[in-house]
Amino acid sequence: MTHSVLIIGGGGREHALACKLQQSPNVERIFILPGNAGTGMIGENVEIGIKNHAKIVEFVKENNIDLVVVGPDDPLADSMVDDLEAAGISIFGPTKAAAEIEWSKVFAKEFMQAEGIPTAEFQVFSDQKEANEYVKRQNFPVVIKASGLARGKGVIIAKNLLEAEKAIQDLMEHKIFGEAGKEIVIEEFLRGDEISIHVFCDGKNIAMFPSAQDHKQIFDNDEGPNTGGMGTITPVPWVNKTLMDQIKRTIVLPTIRGLEKRGRKFVGVLYPGLMITNHGPKVIEFNARFGDPEAQSYMRVLKTDLFEILSACVEARLDQIKIEWTYESACCVVLASGGYPGEYKKGISIDGLETTSSDAIIFHAGTKMQDGAIVTNGGRVLGVTATGKDLSSALGKAYARIKMIRFGGMQYRRDIGAKSSGK
Ligand code: AMP
Ligand code: GLY
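Residues numbered from 1 in each chain as written. Chains lettered and ligands numbered in written order. Predicted model: local features only at pLDDT ≥ 70, side-chain atom pairs only at ≥ 80, totals over all residues. Heavy atoms only, no water.

The number of helices and strands found in the protein is 14 helices and 23 strands. Radius of gyration (C-alpha) of the protein: 21 Å, near the 22 Å computed for a compact globule of 423 residues. With respect to the three principal axes, the spread of C-alpha positions in the protein is 60 × 45 × 45 Å. Within the protein, buried positions represent 56% of all 423 residues. (Helix = DSSP H or I, 4+ residues; strand = E, 2+ residues; numbered from the N terminus. Rg over C-alpha atoms; globule rule 2.2 N^0.38 Å. Buried < 20%, exposed > 50% of the residue type's maximum accessible area, 1.4 Å probe, protein only.)

The immediate surroundings of ligand 1 are formed by 15 residues, with Glu187, Glu188, Leu190, Glu194 and Glu285 found nearest. Within the side chain of glutamate 187, a nitrogen or oxygen atom sits 2.7 Å from a nitrogen atom of ligand 1. Between an oxygen atom of ligand 1 and a side-chain N or O atom of lysine 216, the distance comes to 3.0 Å. Contact with the protein chains removes 93% of the 470 Å² of surface that ligand 1 exposes when unbound. Taken together, the residues of the shell around ligand 1 sort by class into seven nonpolar, one polar and seven charged. (Near = heavy atom within 4 Å. Polar contact = N/O pair within 3.5 Å; in protein donor to acceptor, adjacent residues only side chain to side chain. Areas by Shrake-Rupley, 256 points an atom, 1.4 Å probe, with all protein chains shown as cover. Nonpolar A, V, L, I, M, F, W, Y, C, P; charged D, E, K, R; others polar.)

A few words now on the side chain of threonine 387. Here threonine 387 is to be found in strand S23 (residues 380-388). Filtering out sequence-adjacent residues up to four positions away, threonine 387 remains in contact with Arg300, Val301, Glu328, Ser329, Ala330, Asp359, Ala394 and Lys397. (Contact = heavy atoms within 4.5 Å.)

With that settled, consider helix H6 (residues 96-103). Of the residues making up H6, those classed as buried are Ala98, Ala99, Glu100, Ile101 and Glu102. In this fold, the buried residues of H6 make contact with helix H4 (74-77), helix H7 (105-115), helix H10 (241-261), strand S17 (267-277) and strand S18 (280-287).

A cis amide bond links phenylalanine 140 with the next residue in sequence, proline 141, at an omega value of 0°. For proline 141, the position within the fold is in the loop between helix H8 (128-136) and strand S7 (142-146). For the peptide bond that leads from aspartate 292 to proline 293, omega is 20°, which places it in the cis range. By the secondary structure assignment, proline 293 is in the loop between S18 and helix H11 (294-301). Here the phi dihedral of lysine 175 falls at roughly 50°; this positive angle occurs in a residue that is not glycine. With respect to the helices and strands, the residue lysine 175 is situated in the loop between helix H9 (161-173) and strand S9 (184-188). Accessibility expressed as a relative area gives 41% for lysine 175, which makes it partly exposed.

Surveying the vicinity of ligand 2 reveals the residues Asp214, Lys216, Gly228, Tyr271, Arg289, Gly291, Asp292 and Glu294. A distance of 2.8 Å separates a nitrogen atom of ligand 2 from a polar atom in the side chain of aspartate 214. One of the backbone nitrogen or oxygen atoms of aspartate 292 is found 3.0 Å away from an oxygen atom of ligand 2.

This paragraph deals with helix H3 (residues 53-62). Every buried residue of H3 is accounted for by His53, Ile56, Val57, Phe59 and Val60. An end-on view of H3 places all buried positions within 165° of arc, on one side of the element. Among the exposed residues of H3, those oriented more than 90 degrees off its buried face are Ala54 and Glu62. Taken together, the buried residues of H3 touch strand S1 (3-9), strand S2 (27-34), strand S4 (67-70) and helix H5 (80-86). Following H3 by one or two positions, asparagine 64 has its phi on the positive side, about 50°. (Arc of directions from axis to C-beta.)

Right, dumping it as structure tokens:
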């Protein structure tokens, strides 16, 4: 039997998921809401407001859609899974209550403390004066975070007291992230190497992905402001099985069990961001979805039919399927608009997309069709992905493909994977 799938979102992650689902013999039609120029070439983009759950339910029923897959974090925090499930729809992703582990850093930190899950030492504040008193007694740098969702920008690493006081004022008084900064977390600065872990979850059973690593800062050598992610590799060459087993035992399983115990069964992808410190792996943050660009690398090395996996998660039978990965390395290098993560222009035409090469696959993120041409439409524009027998061969193919692509203001990092391939 063939099925129809609706993917929520419009970034590189969603294009990668759509491409993978297109390969499935189980999938006949793919809809993407809102999608981008890339998803429009392999499926049907849907123009319904992402917050209009009633309209989405109607669309799903009218088009006999068998499975909905949620990409981004906002719809999870906005009860999309709860609302569609209540209407009898099969949907891959956690409920609002289970996703609180991502949309409230205060919830996540208190949860980790209660479950003994390793994370940075912290305190929660809803009073500016108390926060100011507390930072005076801290060692620097100190990390100050808005509790709510802030598009990856609600984290400030303060190098001294002045910067810390300014961060507290920006979040709590000037409300630069609105209500997200009503409560803040002040925590210890962790030193080490950062990695991304992803886990398929069906509420009870789990299946870990290989390790991955993102590159959050805009410039080479991890300089400049944080972005949504400028490039990823998988697997991370220095992350061995012993470390993955430790992560599973001390972080992943206690998280899934702790959520279940609280009546917040987690179905979807759990994505803890970790710091590998001298004292072992510690959680920096939890995400309740596929990472982007991590998903773009992962979809290149996933062997098993993605539709089978997502359905098994929704139907709580993940223990009955075997998930296989190729034993290759994969990478994704993001091509971004000039000015990103600050202000940038849109509508710039992109050259060099037509060349096809089996070595590199380009996923679209911020693109759209305009008068028959593909133009930029976001900060992160394209994800150039490649696979290889090892990391340097994958990187070589991705960077070779990038040389053929051009748009005004295009910027990208030249050092994706460099730190980890040399370790
Ligand atoms: P988050 O949104 O919590 O993932 O934070 C964004 C980025 O800030 C992370 O990817 C880390 O690079 C950095 N970061 C957050 N918390 C800490 C911490 N406690 N120690 C060191 N770096 C951190
Ligand atoms: N890779 C960063 C994120 O998806 O949050």
